[in-house]
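# Topology and contacts: notes
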Amino acid sequence: MPDWIAALDWKDAVGILGSLFISGAYLGVLTGKLDGERPPFQALNLLGAVMILFSLWFRPNAGAIMIEVLWIGIAVYSLAKFYRRRSGD
């Protein structure tokens, strides 16, 4: 087993699970099981990005942190837009 795999711990597992949520959301859109305009897609992206960002707290990488912060912002914006549109504001 490579050393980097042996060095993984529960915090890394959280980040890996977050990556699976984000990629699973995209797969859901591609297969027609999720609508990219609906909250479940954005919620999976938001949760996944938060999980990855959590894991990056322990092993920082500036580029990865930046993309996750942007991803969180996009997901929050999309969810807010959906609920504002739905409430008629």
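Quick notes on the rules
Residues numbered from 1 in each chain as written. Predicted model: local features only at pLDDT ≥ 70, side-chain atom pairs only at ≥ 80, totals over all residues. Heavy atoms only, no water. Helix = DSSP H or I, 4+ residues; strand = E, 2+ residues; numbered from the N terminus. Contact = heavy atoms within 4.5 Å. Areas by Shrake-Rupley, 256 points an atom, 1.4 Å probe, with all protein chains shown as cover. Lys, Arg positive; Asp, Glu negative; His and termini not counted. Charge placed at Lys NZ, Arg CZ, Asp CG, Glu CD. Axes fitted to C-alpha atoms, helices over the stretch in contact; angles between N-to-C directions. Parallel < 35°, antiparallel > 145°, perpendicular 65-115°, else oblique. Left-handed = near helix turned anticlockwise from the far one by under 90°. Nonpolar A, V, L, I, M, F, W, Y, C, P; charged D, E, K, R; others polar. Expected span 1.5 Å × (residues − 1). Polar contact = N/O pair within 3.5 Å; in protein donor to acceptor, adjacent residues only side chain to side chain. Core = buried A, V, L, I, M, F, W, Y, C linked by side-chain atoms within 4.5 Å. Buried < 20%, exposed > 50% of the residue type's maximum accessible area, 1.4 Å probe, protein only.

### Thoughts on the overall build of the chain
- Scanning the chain from terminus to terminus reveals 4 helices and 0 strands.
- For the chain, the succession of helices and strands along the chain, N to C, is α-α-α-α.
- By its C-alpha atoms, the chain is 55 × 25 × 20 Å across when sized along the principal axes.
- A sequence separation of at least 24 residues applies to 56% of the contacts in the chain between residues at least 6 apart.
- With the model as given, the accessible surface of the chain reaches about 6,100 Å², and the carbon-plus-sulfur share is 69%.
- Between the centroid of the 8 positive side chains of the chain and the centroid of its 7 negative side chains there is a distance of 10 Å.

### Observations regarding the packing of helix α3 (residues 39-58) against helix α4 (residues 62-87)
- At a closest axis distance of 9 Å, the pairing of α3 and α4 adopts a crossing angle of 155°. With respect to α4, the element α3 is oriented roughly antiparallel. Note on packing geometry: the crossing formed by α3 with α4 is left-handed. In this structure, α3 contributes Pro39, Gln42, Ala43, Asn45, Leu46, Ala49, Val50, Ile52, Leu53 and Leu56 to the contact, and α4 contributes Ala64, Ile65, Glu68, Val69, Trp71, Ile72, Ala75, Val76, Ser78, Leu79, Phe82 and Tyr83.
- Classifying every residue of the contact of α3 with α4 by side-chain character gives 18 nonpolar, 3 polar and 1 charged.

### A look at α4
- Helix length check: α4 (26 residues) gives 37 Å between terminal C-alpha atoms against 38 Å at 1.5 Å per residue, within 8%.
- Backbone nitrogen of Gly63 and a side-chain oxygen of the N-cap are separated by 3.1 Å at the start of α4; the cap is Asn61.

### What about the nonpolar core?
- Of all hydrophobic cores here, the largest spans 5 residues; its members are Ile22, Ala49, Ile52, Leu56 and Ile72.
- At 3 residues, the largest contribution of residues to this core is made by α3.
- Filtering out sequence-adjacent residues up to four positions away, Ile22 remains in contact with Leu44, Asn45, Gly48, Ala49, Ile52, Glu68 and Trp71.

Read these as spatial facts, not as claims about activity.
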